[in-house]
Amino acid sequence: VDTTACETNIHYPTDSSLLWDCYRVTSRLIARVREYDAEAVGPGRLQDRKVKRLTLRITRRAANKEADRSQLERPYRALLAHVSRVLAWSRQARTRVRERLESGTYDLQVGLILTGLLNELEGYDGLTEKVIDQASRRILAGEKVPNSEKLFSLFEPHTELLLRGKVAKPIEFGHMILVQQVAEKFITGYEVFERRPNDASLVDSILKDHQKTFGQLPESFTADKAFYQSMDKLRALENTIPNVSIAKKGSRTEEETAREHHPIFRALQRFRAGIEGTISALKRVFKLSRCLYRSFRTFCSSVGAHVFAHNLVVLARN
């Protein structure tokens, strides 16, 4: 078994880019509502080009590491003001259009179109508020907002920040995936986590799923150090599974060192390396490195489709 990350299809999230996303999406939907009822929307002017230039100005200043960071505060205040105004405008327009829908002002087709547009605007309402809040706290108040409270994408709000600790890509935005594989390289189980768990906490559920699938526990169980919990836990596993190959974290006694130098333990660790190749193939060949579908539900179904395609290829080869 092993875990890996699959990224969602988002751009790198910065406060300015998220605020621009909020403005342009709300602006576009207001413009579409205006096509059907200009009076309800009102004569206000949408300022997409001005807000985009403001966003680019912030991006250029932020890219200059030698510049004074306090210079970002003024353009951020202006950008936040623009987003707040368009959000308030959206709410006012929705209220007026709802009243007209209830009074039967529109014909059936226009009413259905406007209902869909209003629902879409309402869907972005809470997300826009969250982006405004986190940008205000970080930039204006100088507060360090926890990752668990941040929104990383307006279009994929389920996205999680993953600290991977890898040199090439220390941070990824997506979800962790658990993969279970048997000796024939056939993936017998997978799971997508909306919030990243501790790998060591997954051992019991992994074995439970294996027993449910095959009617018995495996003869050998191998994983990397991330699945290590304690030596007591390893001893408990060894009482039910003949061969357990999970290396210990930290210092080792002579007995623990001898355990990890045992030929069976070392052979199983070489066997474990096979799942790294499977994960690499899933990402390179089957394009699992990034999910192009929207919503967490379709993200999970996409992972399942990749695993299914991989297993079909393994079956065909065997």
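Above: the structure in question.
Residues numbered from 1 in each chain as written. Predicted model: local features only at pLDDT ≥ 70, side-chain atom pairs only at ≥ 80, totals over all residues. Heavy atoms only, no water.

## A word on the side chain of Thr278
- Inspection of the secondary structure assignment puts Thr278 in helix 9 (residues 263-284).
- Taking relative accessible area as the criterion, Thr278 reaches 1% and is therefore assigned buried.
- Of the polar contacts made by the side chain of Thr278, one reaches the side chain of Lys185; its length is 3.2 Å.
- The residues touching Thr278, leaving out its near neighbours within four places in the chain, are Gln181, Lys185, Ile187 and His310. (Helix = DSSP H or I, 4+ residues; strand = E, 2+ residues; numbered from the N terminus. Buried < 20%, exposed > 50% of the residue type's maximum accessible area, 1.4 Å probe, protein only. Polar contact = N/O pair within 3.5 Å; in protein donor to acceptor, adjacent residues only side chain to side chain. Contact = heavy atoms within 4.5 Å.)

## Description of the pairing of strand 3 (residues 171-181)
- With ten of eleven residues buried, strand 3 is to be regarded as a mostly interior element.
- As paired strands, strand 2 (residues 160-163) and strand 3 are joined by four bridges and run antiparallel to one another. Its bridge partner lying in strand 3, Glu160 is registered against Gly174.
- In this structure, strand 3 lies alongside strand 4 (residues 187-193), joined through six bridges in antiparallel fashion. From the neighbouring strand, Gln180 faces strand 4, where its bridge partner is Gly189.
- With antiparallel pairing between neighbouring strands as the criterion, strand 3 and strand 4 make up a hairpin whose turn holds five residues, including Lys185 at a positive phi of roughly 70°. (Pairing = 2+ DSSP bridges.)

## A closer look at a positive patch on the surface
- There is a patch of like positive charges on the surface, built from Arg45, Arg49, Lys50, Arg53, Arg57, Arg60, Arg61, Arg74 and Arg85.
- For the positive patch, the elements supplying multiple residues, two or more each, are helix 3 (48-63) and helix 4 (73-103).
- Examining the composition of the positive patch, we find that six residues originate from one element, helix 3, more than from any other.
- With respect to the helices and strands, the residue Arg61 is situated in helix 3. (Patch = residues over 30% accessible without salt bridge, like charges linked within 9 Å, V, L, I, M, F, W, Y side chains within 5 Å. Areas by Shrake-Rupley, 256 points an atom, 1.4 Å probe, with all protein chains shown as cover. Salt bridge = Lys/Arg side-chain N within 4 Å of Asp/Glu carboxyl O. Lys, Arg positive; Asp, Glu negative; His and termini not counted. Charge placed at Lys NZ, Arg CZ, Asp CG, Glu CD.)

## What to know about the state of the cysteines
- All told, the structure shown has zero disulfides when counted by the stated rule.
- The closest cysteine sulfur to the non-disulfide-bonded Cys6 is located on Cys291, 5.7 Å from its own sulfur.
- Summary of cysteine pairing: Cys300 is not part of a disulfide, and the nearest cysteine sulfur, belonging to Cys291, is at 8.8 Å. (Disulfide = S-S within 2.5 Å.)

## A look at a nonpolar patch on the surface
- There is a patch of nonpolar side chains on the surface, built from Tyr12, Leu163 and Ile171 and spanning about 320 Å² of accessible area.
- Among the secondary structure elements, Tyr12 is positioned in the loop between strand 1 (2-8) and helix 1 (15-36).

## Some points on the pattern of salt bridges
- Per the counting criterion, the structure on display carries 23 salt bridges.
- Glu39 is paired through a salt bridge with Arg100; the nearest N and O atoms lie 3.4 Å apart. Within this pair, whereas Glu39 is found in helix 2 (residues 38-41), its partner Arg100 is found in helix 4, the two being separated by 61 residues in sequence.
- In this structure Arg100 comes out as partly exposed when scored by relative accessible area, which is 23%.
- With a closest N to O distance of 3.3 Å, Arg259 and Glu238 form a salt bridge. Of this pair, Arg259 sits in helix 8 (residues 254-260) while Glu238 sits in helix 7 (residues 231-238), and the two are 21 residues apart along the sequence.
- A single network of salt bridges, built from pairs that share partners, joins Arg91, Arg94, Arg98, Glu122, Asp125 and Glu129.

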